[in-house]
Amino acid sequence: MDKILSLSEGGDGPGELQQYLSSLSNDQLIKVLTNAALKGKNIGATIKGIFKGSPHNDPKGSGRRLLLYQHFIPLCESGDLQSEVAADIIGLLMLEVKVFFAPNLSGACLAEVASHFVEAIKSGKMASGKSLELFPSVLTALAACESLSFGKGELSGEEYKKQLINSLCSSRDVPLSPEELQFLLEKVLRMFGKLELQEVPPLIYQLLLLSAKGCKKQVLDGIIGYFNEQDLQQKDEQESMELEVQAIPKDQLRHVEGTAILHIVFAIRLDHDLGREFLKSLKLSYGDLCPFGVALLLSVARIQRYEDQVRGGLHPPPPDIHITQLCLDLHVPDCVPLALASVFGWDHVTQGLVQLGFFLMDTFGPKPGPFGKPAESGPSGAARTPNQQACLLGRQVLLEGFKMHEPIRGEILEQVLNRLVTKTASPVHHYIDLFSDIVVSAPMILLESASKVTETFDNLSYLPLATVQGLLKAVQPLLKVSMSLKDSLILVLRKAMFSSQLDGRKSAVTGFLLLLKNFKVLGSLASSQASQGISSSQIQVDVHSRYNSAANEAFCLEILSGLRRCLGQQADVRLMLYEGFYDVLRRNSQLASSIMQTLLSQLRRYYEPEQDLMPPVKLEPCITAQGDQVFLQEPLGHLLSCTVHSLLWLQSQRPLARPNDSDDEEAEDDEEGGYKSELMAILDSVTRRLVKSELEDFELDKSAEFSTASSVGVKNSIYAVLVMGVYEVLLEYNFIKANYSKSGLEELLELFQRYQKLAEILKEKSGKGRTSAKPPRSLLSMGFVSKLLTTLFRDSTLSREEGLSVLRSSPDFLRYALAVALQKIQQLEDSGHTDGPDGHAPDKAFGFLCDLTGVLMWRYTNIPGAVEAGGKKEKRCSLSQMCLEGLLRIFTTCTQRYPDRTAQLVSVGADATSDDPEPNADDITEISFFYIRQFQRSLFNQLSGLEEEFNSKEAQLLISILSVLSRQLEPSSQQFVSMITWTVKICKETSFEDIAFTKGLLSLLFGLHALYKSPVSLMLELCQDIHSQMGDIDQVRCVLSLPIKRFHHKPFIVLLILAQADKVLDEVDWLIAKKKADRPSAAPPQDPVEKAMTVQLGTLLTALNELVQTALLPGGGTDTLLRALSRTYTTLTTLVKYSPSLVQWVSHRVNVSLLQVRLSGSHLTPQCYSFITFVQAKLLRETKAIPNLIFSIEQYEKFLITLSKKSKVNLMQYMKLSTSRDFRINAATLEAALQEQDATQQDTPPQPQKKKRKKK
């Protein structure tokens, strides 16, 4: 040491000192430094001398400097040095940090010093912490380094400093008690808010490693809660738009969130306990998930081990509970823009979103109908049920994903198209809607994947017709901007035209008709009147230029020439072609000449040109035979209908196009090919000759055979339907042509009489051996039927009076018009569309419904059924009753198909009913109640008359209408209360013995109570009334002798009450399952929902208690009551099992459940056993309901005992365990057995008893 000091203070320079230090070994140098430090003499000078003799640009000098740091750091922490000496040493080392090493070696040496500190801290060697003052200076110098080696790569000094800090923060190698671990985690989680955002992911990584020791839920909740708070702050700052607040950049937050999700997912892959804890936390806090939590959930779902468990959390056994909450509680819609608007490590989240979207659409989409038939789709865009909401949510997720994130577009499109091709047995219209949305919102993006669409085209001939129609309709906008796609489709359709499968040819016709409707030709009339189609405004491309129109014309004419070949194929293909030509004509009026010439050429084949020959149409070419089987070849009525409607539409458009050229009709007809005059001549000739023709001319008189068992009968049936179709088409044509002239309408009436005669023969012949014969579908258009009824019932124009009186004087014609209207409304309700023009246009169909509502309402309210003659004598419905049935079907159809337009519908007929002030058309409650008052008056008039004059069918229709309209009332409104009051009054005052009417009236009352409040109070009143009238089970003989009025109604009333009891139990079961799923941490002292459930269940128990004491007649009501009792005890058991599942709720829930326990134990259960004995005595047969009921009661008592032990409340004090079980003692058998035993004992002499010896 002395020599070091002397060379440092004097000598020939630093070279000699450097040479001397190089001659010393590391051990010698450490020994010198240790002795000097322990003695405390000249240690500072010695250290300075060593630094002086160790230049930083020399590797050996840097090594000696590093040796000083590595030696003195643990020496200062050992406690062997004096405090002043240790402080001086640390101070000297701190001053030399900045000039510590040569630039080329500084990074590595500084890293070694820093690592030495970290290892000392982790190993617990920092006893005094004196050397820690040096650590910040080392980290500061380290951060200034540009680069340093780390593993196989390089890091900047700043990044290496962060790695050291995170490594230092990791406490996984330090043994900690659970309390210490929890304290550490709480402290670290609180530090999140004080750290820079970029420093959070490394800390999360260390926390996840630390979670292996425990507290996994705390770690996960803390991380998710932190990012949830950041998202909320981001949202609040965006809404407040406070520029002075410095918000975290959104992209930076998304980057950090994505990195954190990657860390968590990676940790879950390695630690399955962490994954299970996350899923458990998901179930416990299902309704509190934040967007970050949902994104994390979707990422975890990508792990195969947890995929089914995550899906199970979204679709538990009681599905409706979680489906409803899925759209409200899960923040998937909020998570979509978060995941899809960023590319910072969120790819795994977007993949999870795609899986979720298809999972929702697959699981909760529409299901196949009965017998494998696809179920009819509801109104477009209407998602009212939980399943529909979940399916719509999945559709929105996938649509947003396609628009916003390029990597998943191909996968989404491929999966959608694959489902369209593979799911041939299930409805796929929700996938077609998604594909249509994709086409409309991102057509140019979709064209990048046009090859996938082309591959789907190759399967068109194998797909269901509805799928083909939806797919081709959705893809129409793309065909206008992609020639290659259009050419591919045309090639596929041409091949399908000659397919051996009928469905393939029908698909080809569908595709070509859609092309004709959407590729317009220049000069076509405005398409505002078109019934359907896709607007070209969906794509920002000019498709109506002169060049495109010219190309479209050639394209359309080529398609038409191909479609003409379909006129030689089967009837189904021709029928589809005829139904589509009219829409094509309206969309593409420039094709009128070609279309009309085609129809005229086809019509000539079946028209008899000789005017003296009868009949005017040829029926033999319309059928074809294969062996003994006869098939329809030409749907002549549809051909004629298409021709007539096309001709009438063209005539209606000519005045609009050329209002001043009425004198040029002949020249115009010549220009169009002369089809107009020829068609009108054919129609006039057919009409004139059909009026003169008799059924014998068609060989369809009463002597004809119509049996389906023979080929002759099948042929005659086909002929009859064809002739009736021709009659109907000509009725519509001649009504319009007559223009209300008396002679024209008289001819029309004669035509109808021929139609009616044939219809009666067909009904009579085909109805033999069957309960009812369904009439053939009418070919009258719905628009014409609406216009016809309006004219017949409400047209008061004087100039038309004479002509219309001809039709009004025929009750059969009026009845026919109403019957066709009912048929059209029913078809619209069932399928969403009708036959004929405008049948597939929803807006047009709704307009027809509005017109029919007005005219039917006016007819029913202004012309009472009592003034109609012959209604009851002929045993058929009166016109008023038919009007009422039509109104019921209209209201039902509107609520199903047009739920958002009900107010518009019912407001139409408000001016046609009475002199009451008109209601507010915008208030659905007010306008519905306006109608309700009218029908209430009608029903009251029915009930006010004599019982012999009571029309049960009409009364039932009125009740059904009131039931439909009452659902439109707001339950909290005064009108709804008035409706309930009126219904209760009618129920009390009605004395007519009509089971169907009584059932409808009580169903209406129950339905109103269900909307307003629980129906259990009404059930209790009815049960008490039944009990009082039918008597107790132990007084059967007295009750049966009483003259009880309407006694035979009671069994059906009991069934109605028990059906309502099932609904109440459904609600209770739903609520219990929901409470289980929610599992809140603490319950309010008074839960109003649970309290209401308790009161409702208690009232139900009281009502059932009344029924089980009633002497019910043997029948279905008895078995149903036993099953209802069994289910009631099952629900009570579920409630009791649910109570101890939440320990903190036990005392509160037991207090709430005391009412149910008391009612079930002291009242219901003893009466149940008495009722079982009564039923066994009355039925005298085995029934499974009795042992099931006893088992349910015993299970209830078993779990009640368990709850009593857990809650320390004696719930069994109200229960009296019965000895009755599923057997009964036969008194006669028992008595015979006892007598036999007595006789045996008398015959046997008594034996002397032996005394027992006592043992000593």
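Throughout, residues of each chain are indexed from 1 in the direction in which the sequence is written. Only residues with pLDDT of at least 70 are given local features in this predicted model, and only at 80 or more are side-chain atom pairs given and counted; all residues enter the totals for whole chains, interfaces and linings. In computing side-chain properties, one takes all heavy atoms of the structure into account and sets aside hydrogens as well as water.

### Points about the overall build of the protein chain
In DSSP terms, a helix is any run of H or I states spanning at least four residues, a strand is any run of E spanning at least two, and both are numbered starting from the N terminus. Assigned secondary structure in the protein chain consists of 53 helices and four strands. Whether two residues are in contact is decided by their heavy atoms, any of which lying within 4.5 Å being enough. For the protein chain, restricting intrachain contacts to residue pairs at least 6 apart in sequence, the fraction spanning at least 24 positions comes to 75%. As displayed, the protein chain has an accessible area near 61,000 Å², and 52% of this comes from carbon and sulfur atoms. Here, Shrake-Rupley sampling with a 1.4 Å probe gives the accessible areas, and only protein chains in the shown set may cover a residue.

### A word on the packing of helix α4 (residues 43-52) against helix α5 (residues 59-77)
Packing of α4 against α5 leaves a shortest axis separation of 10 Å and a crossing angle of 145°. Crossing of α4 against α5: the hand is left-handed. Along its contact with α4, which presents I43, I47, I50 and F51, the element α5 presents R65, L68, Y69 and F72. Asp, Glu, Lys and Arg are counted as charged, while Ala, Val, Leu, Ile, Met, Phe, Trp, Tyr, Cys and Pro are counted as nonpolar; the rest, among them Gly, fall into the polar class. By residue class, the composition of the contact of α4 with α5 is seven nonpolar, no polar and one charged. A fitted line through C-alpha atoms serves as each axis, taken over the contacting stretch for helices, and the angle formed by two N-to-C directions is quoted from 0 to 180°. Helix crossings fall into two classes, left-handed where the near helix is turned counterclockwise from the far one by less than a right angle and right-handed where it is turned clockwise.

### With respect to the nonpolar core
Counting residues in each nonpolar core, the largest one holds 194 residues, and the members touching the most others are F435, L460, L515, F891 and F935. Here this core takes 14 residues from helix α34 (residues 711-738), the largest share from any one element. With residues near it in sequence (within four places) discarded, L460 still touches V468, L471, L472, L489, V492, L493 and S507. Listed in part, the 61 residues of the second largest apolar core include L1002, L1132, Y1196 and M1212. Throughout this description, the term nonpolar core refers to a set of buried Ala, Val, Leu, Ile, Met, Phe, Trp, Tyr and Cys residues connected via side-chain atoms within 4.5 Å. In this scheme, a residue with accessible area under 20% of its type's maximum is buried, one over 50% is exposed, and one in between is partly exposed, where area comes from a 1.4 Å probe on protein chains only.

### A short note on the confidence of the model for the protein chain
Any residue range with low pLDDT should be treated as having predicted coordinates unsuitable for detailed reading. Note on scores: pLDDT gives the predictor's confidence for each residue, bounded by 0 and 100. Per-chain confidence: the protein chain averages 77 in pLDDT, with 76% of residues scoring 70 or above. Of all secondary-structure elements in the protein chain, the lowest mean pLDDT belongs to helix α47 (residues 1036-1040), at 40, while helix α36 (residues 782-794) reaches the highest, 93. Across residues 526-547 the pLDDT falls below 50, and counting only partners more than four positions away or on other chains, this stretch makes 41 contacts in the model.

### Quick word on a nonpolar patch on the surface
A patch is a set of surface residues, each over 30% in relative accessible area and not in a salt bridge, joined within 9 Å for like charges and within 5 Å for the nonpolar side chains Val, Leu, Ile, Met, Phe, Trp and Tyr. Within this document, salt bridges are pairs made up of a side-chain nitrogen of Lys or Arg and a carboxyl oxygen of Asp or Glu, the two lying within 4 Å of each other. A contiguous nonpolar patch, built from Y205, F266 and L270 and spanning about 320 Å² of accessible area, is present on the exposed surface. Checked against the element boundaries, Y205 lands in helix α11 (residues 200-210). We classify Y205 as partly exposed; its relative accessible area is 34%.

### Comments concerning the pairing of strand β4 (residues 629-632)
Paired strands, in this sense, are two strands between which DSSP finds at least two bridges. Summarising the sheet, strand β3 (residues 623-626) and β4 pair through four bridges and their orientation is antiparallel. Residue Q626 lies in a different strand from β4, and its bridge partner there is Q629. The loop that links β3 with its antiparallel partner β4 comprises two residues; one of these, G627, has a positive phi angle of about 70°.

### Let's talk about helix α33 (residues 675-692)
Side chains that are three or four residues apart share a direction in an α-helix, a result of its 3.6 residues per turn. End to end, α33 covers 26 Å across 18 residues, agreeing with the expected 26 Å (1.5 Å per residue, within 8%). Within the sequence span of α33, burial applies to Y675, L679, I682, L683, S685, V686, T687, R689, L690 and V691. Take the number of residues in a helix, subtract one, and multiply by 1.5 Å to get its expected span.

### Some details on unusual backbone geometry
The residue after M614, namely P615, is reached through a cis peptide bond having omega -5°. Counting through the fold element by element, P615 comes out in the loop between α30 (592-604) and β3. Of note, the phi angle at E699 is positive, near 60°, even though the residue is not glycine. Residue position: E699 is located in the loop between α33 and α34. Owing to a relative accessible area of 55%, E699 belongs among the exposed residues under this scheme. One non-glycine residue with positive phi stands out, namely Y740, at about 70°.

### Section: the side chain of S928
Within the secondary structure layout, S928 lies in helix α42 (residues 924-944). When its relative accessible area of 0% is taken as the criterion, S928 is described as buried. The contacts of S928, once residues within four sequence positions are left out, are L965, Q968 and L969.

### Concerning the packing of helix α44 (residues 974-989) against helix α45 (residues 995-1012)
Look at α44 against α45: their axes get within 10 Å of each other, and the N-to-C directions meet at 150°. By the criterion of interaxial angle, the relationship of α44 to α45 is roughly antiparallel. Taken as a pair, α44 and α45 cross one another with a handedness that is left-handed. Residues F976, V977, M979, I980, T983, V984, I986 and C987 of α44 form the contact with α45, whose participating residues are L1001, L1002, L1004, L1005, L1008, H1009, L1011 and Y1012. Counted by class, the contact of α44 with α45 contains 14 nonpolar, two polar and no charged residues. Angular relationships are summarised with four words: roughly parallel below 35 degrees, roughly antiparallel beyond 145, roughly perpendicular across 65 to 115, and oblique for the angles in between.

### Overview of the packing of aromatic side chains
Ring pairs are drawn from Phe, Tyr and Trp, using the six-membered ring of Trp, whenever the two centres fall within 6.5 Å, and their geometry is named by plane angle: stacked under 30 degrees, edge-to-face over 60, tilted for the rest. The final tally for this structure, using the stated rule, is 16 aromatic pairs. Taking 5.8 Å as the distance between ring centres and 85° as the angle between the ring planes, the aromatic pair formed by F891 and Y931 counts as edge-to-face. Pair noted here: F891 is in helix α40 (residues 879-897) and Y931 is in helix α42, with a separation of 40 residues, a long-range link. Here the two residues F891 and Y931 agree in accessibility, since each one is buried. Ring centres of Y931 and F935 lie 6.3 Å apart, and the angle between their planes is 25°; this geometry places the pair in the stacked category. Remark: F935 and Y931 occur in helix α42; sequence separation between them is four residues, near one turn of the helix. You'll find Y931 and F935 in the same group, each marked buried. Among the aromatic residues, those joined into a ring-pair cluster are F752, Y755, F813 and Y816.

### Notes on the pattern of salt bridges
For the coordinates displayed, the defined rule picks out 22 salt bridges. Across the pair D835 and R777 runs a salt bridge, and its minimum N-O distance is 3.3 Å. Of the two residues, D835 is situated in the loop between α38 (811-831) and α39 (842-862) and R777 in the loop between α35 (742-766) and α36; the sequence distance between them amounts to 58 residues. On the basis of relative accessible area, D835 is assigned to the buried category, the value being 16%. Between E801 and R808 there is a salt bridge, and its shortest N-O distance comes to 3.5 Å. For R808, a relative accessible area of 23% gives the class partly exposed. Members of the salt-bridge network, linked through shared partners, are D1062, D1066, D1069 and R1127.

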